[in-house]
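# Inside the fold
Letter by letter, the chains look like this.
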Amino acid sequence: MRLVFVKSLPVRVEAVSAAIGSPLSGQAMTVTDNQLAVDASLTLESAPLVKPGMAVAIDEESLG
């Protein structure tokens, strides 16, 4: 049996793979932290127009 302790809370349970009463095999659950990360890309034509430190606006309906 292996236990993992999470350094900082809170975390969010992303997925649970274990079933009550069943032998544990592999991952029991997957957790994510509470930090928002945005992964974005630019077209090759737009990339030269963007510089480090420029302000951005993130328009994502699911983030509110």
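This text follows the structure it describes.
All of these numbers come straight from a predicted model, not from anything done at the bench. (Residues numbered from 1 in each chain as written. Predicted model: local features only at pLDDT ≥ 70, side-chain atom pairs only at ≥ 80, totals over all residues. Heavy atoms only, no water.)

A few words now on the overall build of the protein. Broken down by element type, the protein carries 0 helices and 2 strands. Relative to the 2.2 N^0.38 estimate, which gives 11 Å for 64 residues, the radius of gyration of the protein is 19 Å and therefore markedly larger than a compact globule would have. With respect to the principal axes defined by its C-alpha atoms, the protein has extents near 55 × 25 × 25 Å. Buried residues in the protein amount to 0% of all 64 residues. Carbon and sulfur atoms provide 58% of the accessible area of the protein, an area that totals close to 6600 Å². Counting 4 positive and 7 negative side-chain charges, the protein places the averaged centre of each group 16 Å from the other. (Helix = DSSP H or I, 4+ residues; strand = E, 2+ residues; numbered from the N terminus. Rg over C-alpha atoms; globule rule 2.2 N^0.38 Å. Buried < 20%, exposed > 50% of the residue type's maximum accessible area, 1.4 Å probe, protein only. Areas by Shrake-Rupley, 256 points an atom, 1.4 Å probe, with all protein chains shown as cover. Lys, Arg positive; Asp, Glu negative; His and termini not counted. Charge placed at Lys NZ, Arg CZ, Asp CG, Glu CD.)

What follows is about a nonpolar patch on the surface. On the surface, a cluster of nonpolar side chains totalling about 610 Å² of accessible area is made up of V6, L9, V11, V13, V16, M29 and V31. Elements that contribute at least two residues to the nonpolar patch include exactly β1 (11-16) and β2 (29-33). Looking at the nonpolar patch, the element that brings in the most residues is β1, giving 3 residues. Mapped onto the elements, V31 comes out in strand β2. Overall, the relative accessible area of 37% leaves V31 in the partly exposed class. (Patch = residues over 30% accessible without salt bridge, like charges linked within 9 Å, V, L, I, M, F, W, Y side chains within 5 Å. Salt bridge = Lys/Arg side-chain N within 4 Å of Asp/Glu carboxyl O.)

This paragraph deals with the pattern of salt bridges. What the rule picks out here adds up to 1 salt bridge. Salt-bridge contacts for E14 lead to R12; the nearest nitrogen and oxygen are separated by 2.8 Å. The exposure class assigned to E14 is partly exposed, which follows from its relative accessible area of 43%.

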